[in-house]
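Examining the three-dimensional arrangement
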Amino acid sequence: MPHQSRWYHPLCIAPRSLKPWLTERGSLTARLVAHFPGFHVRVLRQMPRSVHHDELRSLKIQRQQKAITRDVVLMSGDLPLVYAHSVATRAATRRGFRRLRGIGNRSLGSMLFADPTIRRSPLAWRRVDRRHPLWQQAQAAVGPMPPRLWARRSLFATGNDLLLVTEVFLPPAFAVPSANPRTPG
């Protein structure tokens, strides 16, 4: 299950407090529920759209081909936690990922981790900044963002069908501390 190399930023540069979230192999939803009260999913859209440039190769699709995208914000009460962006071909949503069509405001993780036939790729991660469409979409969904956010991505597969899931960790719940400027010594 391929990923593009630019999604493998060195994890050692991630803030220590964020590393357990970036590397969680189980359901991110389950972990969020355990740590944040009032968890719920706010669905922004689920519709056919063009995919982002860095998603094409992972999904093995052409630039002009539209895919079903699902954009949600995982929330704790009124606090946005994670901007989640999922992409699958139309064919995949008619076959292996057909339950995605009627998922509504339930979490995608509840579907993916309940099905033993679904395999998950290794996690990939990187920082996204205001040039990346996911940073722009997160800001449009929840308001002003710091210059860089950490995100992780994995590919789910069942048979030949693929679903790419990207999760962008949002402040203030996952605020990345600013680097302390060096003081003259």
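Residues numbered from 1 in each chain as written. Predicted model: local features only at pLDDT ≥ 70, side-chain atom pairs only at ≥ 80, totals over all residues. Heavy atoms only, no water.

1. A word on the overall build of the chain
Put simply, the rule reads: By the criteria applied, helices consist of DSSP H or I runs no shorter than four residues and strands consist of E runs no shorter than two, each listed in order from the N terminus. The globule rule is 2.2 Å times the number of residues to the power 0.38, and the radius of gyration it is compared with is taken over C-alpha atoms. A 1.4 Å probe rolled over the protein chains alone gives each residue an accessible area, and that area as a share of the maximum for its type sets the label: buried under 20%, exposed over 50%, partly exposed in between. Here the open area of atoms and residues is found with the Shrake-Rupley method and a 1.4 Å probe, where only the protein chains shown may cover a residue. This count recognises Lys and Arg as positive and Asp and Glu as negative, with His and chain-terminal groups excluded. Charged side chains are reduced to one point each, which is NZ for Lys, CZ for Arg, CG for Asp and CD for Glu.
Of the regular secondary structure elements, the chain holds six helices and seven strands. Along the chain, from the amino end to the carboxyl end, the secondary structure elements read α-α-β-α-β-β-α-α-β-β-α-β-β. Its C-alpha atoms give the chain a radius of gyration of 16 Å, within 12% of the compact-globule value 16 Å for 185 residues. With respect to the principal axes defined by its C-alpha atoms, the chain has extents near 60 × 35 × 30 Å. Out of the 185 residues belonging to the chain, those deemed buried represent 50%. When the accessible surface of the chain is totalled, it reaches about 9,500 Å², and 53% of it is carbon and sulfur. Here the chain contributes 30 positive and 9 negative side-chain charges, whose respective centroids are spaced 4 Å apart.

2. Concerning helix α6 (residues 133–142)
Residues spaced three or four apart along an α-helix point in a common direction, a consequence of the helix completing one turn every 3.6 residues. Heads up, the rule is: This arc corresponds to the set of directions leading from the helix axis out to the C-beta atoms. In what follows, a contact means two residues having at least one pair of non-hydrogen atoms within 4.5 Å.
Regarding α6, the residues found buried are Leu134, Trp135, Gln137 and Ala138. Buried residues of α6, viewed axially, fall in a sector of 165 degrees; they line one side. Contact partners of the buried residues in α6: β1 (39–50), β2 (66–76), β3 (79–88), β5 (124–129), β6 (148–158) and β7 (161–169). Once α6 ends, the next one or two residues include glycine 143, with phi positive near 110 degrees.

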